[in-house]
Amino acid sequence: MTLPTPEPRGTAALLVNARGEYLLHLRDANKPHICDPGTWSIPGGNREDEESCRQAVERELREETGLTVPLEPLAVVDAKGPTGGGSQIQVYVGTWDGDASGLPCPEGIMFKWFPAATTVWLTMCPWTAQVIALHQQTAPAPALTPVPSSTPRPEAPPARAGGGRARPNVLGVHLYLQREDGHVLLGLRHPSLPFAGRTWHFLAGHCETEGALACLVREAEEEAGLTIAPEDVELVHTVHVRGADAHADAERHPRLQLVFRARAWSGTPEVREPDKCLEWRWFDPARLPEPLVPYTRIALDGIRAGRAYSELGW
């Protein structure tokens with residue numbers, strides 16, 4: 001006689017919108033006994049009493065998001081609990097096209113939509129990353145809407161090299177600060193940030209209505225209390241990055257990341273924006289911290305090797 005296999009104790013719901021984006025939940029980094037604190041994950045929880053997995057996931061989804069949507073089984077994945085023990089999670093998949101910022105989020109920090117390509121830049125719960133990869137393998141390609149033969153087709157803009165069309169690029173500036181002992185300055189990003197939470201990175205920012213040098217000087221003062229003169233700054237590396245848009249908007253513009261070295265500065269790095277950075281610390285370039293933003297590592301390697309330019313994601 002074959003005994004029935006017991007259902008997994010854990011459940012979770014992977015919600016996808018019409019654009020193929022995934023609804024992710026940023027877990028609380030400070031709550032005790034929480035699995036994978038400070039990471040992006042998906043709604044879910046354990047079965048209670050005599051609940052089935054379906055009953056549990058529908059209840060958890062209502063409690064965490066206020067949503068009731070049709071769900072279908074996707075996969076069973078393995079996960080580790082807060083004390084290191086292992087468990088299994090029955091994951092369901094459903095579709096929803098609402099505004100993530102309007103969800104109540106009584107547990108955790110926030111909800112946000114992310115394209116699959118953007119999730120590689122996030123601090124992800126390991127089993128959630130596995131779930132997204134599994135869904136990507138089985139997700140159907142977006143259907144193309146047929147155009148009636150009587151409808152004139154608009155002329156497409158001319159293609160550029162590589163088959164793409166012109167697209168605006170976001171300009172980012174980054175500070176490469178090196179002490180006399182060779183150690184470089186990096187900051188630990190706050191876990192609530194939508195991009196690379198609890199990950200080490202350059203002091204960085206985006207240009208507003210200003211030049212790149214003015215932006216760098218402003219960000220150094222605002223974020224770390226450092227005073228830098230524009231004449232003491234030189235461009236040492238550029239990384240052209242695709243798919244790293246923290247805001248994950250529909251178009252997802254590529255980014256041109258400029259890394260400037262300050263030959264002189266005044267002040268000691270201090271946390272001026274605690275909602276963005278947890279701490280500043282000096283590191284030996286040969287022993288960099290983990291996790292580290294991927295293009296930050298590429299830029300540091302390029303600077304050490306004397307290269308002026310790198311690409312990532314193309």
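1. Quick look at the overall build of the protein
No. 1: Helix and strand counts for the protein stand at five helices and 15 strands.
No. 2: Classification of the 314 residues of the protein by burial places 45% in the buried group.
No. 3: Restricting to contacts in the protein with at least 6 residues of sequence separation, those with at least 24 account for 69%.
No. 4: Here the protein displays about 16800 Å² of accessible surface, and carbon together with sulfur accounts for 52% of that area.

2. Observations regarding the confidence of the model for the protein
No. 1: Residues with a pLDDT of 70 or more make up 83% of the protein, whose mean pLDDT is 83.
No. 2: Contacts from residues 244-251, a stretch scored under 50 in pLDDT, to residues over four places away or in other chains number 21 contacts.

3. Re helix H3 (residues 126-138)
No. 1: For H3, spanning 13 residues, the distance from its first C-alpha to its last is 19 Å, which sits close to the expected 18 Å at 1.5 Å a residue.
No. 2: When H3 is considered as a whole, its buried residues turn out to be Trp127, Thr128, Val131, Ile132 and His135. Down the axis of H3, the sector holding all buried residues measures 145 degrees, keeping them to one side. Seen from the open side of H3, the exposed residues pointing more than 90 degrees away from its buried face are Pro126 and Gln137.

4. Focus: the environment of His25
No. 1: For His25, the position within the fold is in strand E2 (residues 22-26).
No. 2: Look at His25 and you get buried, because its relative accessible area is 7%.
No. 3: Separated by 16 residues in the primary sequence, His25 and Ser41 have C-alpha atoms spaced 5.1 Å apart.
No. 4: The contacts of His25, once residues within four sequence positions are left out, are Thr39, Trp40, Ser41, Glu64, Cys105, Glu107, Gly108, Ile109, Met110 and Phe111.

5. Some points on the nonpolar core
No. 1: Ranked by size, the top nonpolar core spans 22 residues in total, and within it Tyr176, Leu186, Phe202, Val259 and Tyr295 carry the most contacts.
No. 2: Listed by contribution, the elements that provide at least two residues to this core are strand E9 (184-189), strand E12 (233-241) and helix H5 (294-305).
No. 3: Tallying contributions element by element places H5 first for this core, with four residues.
No. 4: In contact with Tyr176, not counting residues within four places along its chain, are Val184, Phe202, Val259, Phe260, Arg261, Ala262, Leu300 and Ile303.

6. A word on the pairing of E9
No. 1: Along E9, six of the six residues are buried, which leaves the element largely enclosed by surrounding structure.
No. 2: Neither face of E9 is left uncovered, since the one carrying Val184, Leu186 and Leu188 and the one carrying Leu185, Gly187 and Arg189 both have all their residues buried.
No. 3: Relative to strand E14 (residues 277-283), E9 runs antiparallel, the two sharing six bridges. Counted as the bridge partner of Gly187 is Trp280 from E14.
No. 4: Pairing between E9 and strand E10 (residues 200-201): two bridges, direction antiparallel. Opposite Leu188, over in E10, you have Trp200 as the bridge partner.

7. Details of the sheet that holds strand E13 (residues 255-262)
No. 1: The five strands lie next to each other as E11-E8-E13-E12-E15, forming an open sheet whose pairing is mixed. Both edges of this open sheet fall to strand E11 (203-206) and strand E15 (309-312), since each of them pairs with a single strand only. Sheet twist, expressed as the average angle between the axes of neighbouring strands with direction ignored, equals 25 degrees.
No. 2: The sheet contacts of helix H4 (residues 212-224) involve strand E8 (170-176), E11, E12 and E13, and relative to E11 the element is tilted by about 125 degrees.
No. 3: H5 contacts E8, E12, E13 and E15 of the sheet and is inclined by roughly 130 degrees relative to E12.

8. Focus on the sheet that holds E10
Within a sheet, neighbouring strands are paired by backbone hydrogen bonds and run either parallel or antiparallel to one another.
No. 1: Taking strand neighbours across the sheet as the criterion, the three strands line up as E10-E9-E14 in an open arrangement whose pairing is antiparallel. Edge positions in the sheet fall to E10 and E14, since each of these pairs with one other strand and no more.

9. Topic: the pattern of salt bridges
Proximity of charged atoms lets side chains of opposite charge pair with each other.
No. 1: Counted according to the given criterion, the structure contains 18 salt bridges.
No. 2: Glu21 is the partner of Arg19 in a salt bridge, and the nearest nitrogen-oxygen pair spans 2.8 Å.
No. 3: Given the relative accessible area of 54%, Arg19 is considered exposed.
No. 4: Glu21 gets classed as buried once you look at its relative accessible area, which sits at 4%.

10. Focus on H4
No. 1: Compared with the 18 Å implied by 1.5 Å per residue over 13 residues, the 18 Å span of H4 between its first and last C-alpha is a close match.
No. 2: If you check which residues of H4 are buried, you get Ala212, Cys215, Leu216, Arg218, Glu219, Ala220, Glu223 and Ala224.
No. 3: Looking at the buried positions of H4, the neighbouring elements they touch are E8, E11, E12, E13 and E14.
No. 4: Just downstream of H4 lies Gly225, where phi reads positive at about 70 degrees.

Thresholds applied
- Residues numbered from 1 in each chain as written.
- Predicted model: local features only at pLDDT ≥ 70, side-chain atom pairs only at ≥ 80, totals over all residues.
- Heavy atoms only, no water.
- Helix = DSSP H or I, 4+ residues; strand = E, 2+ residues; numbered from the N terminus.
- Buried < 20%, exposed > 50% of the residue type's maximum accessible area, 1.4 Å probe, protein only.
- Contact = heavy atoms within 4.5 Å.
- Areas by Shrake-Rupley, 256 points an atom, 1.4 Å probe, with all protein chains shown as cover.
- pLDDT = per-residue confidence, 0-100.
- Expected span 1.5 Å × (residues − 1).
- Arc of directions from axis to C-beta.
- Core = buried A, V, L, I, M, F, W, Y, C linked by side-chain atoms within 4.5 Å.
- Pairing = 2+ DSSP bridges.
- Axes fitted to C-alpha atoms, helices over the stretch in contact; angles between N-to-C directions.
- Salt bridge = Lys/Arg side-chain N within 4 Å of Asp/Glu carboxyl O.

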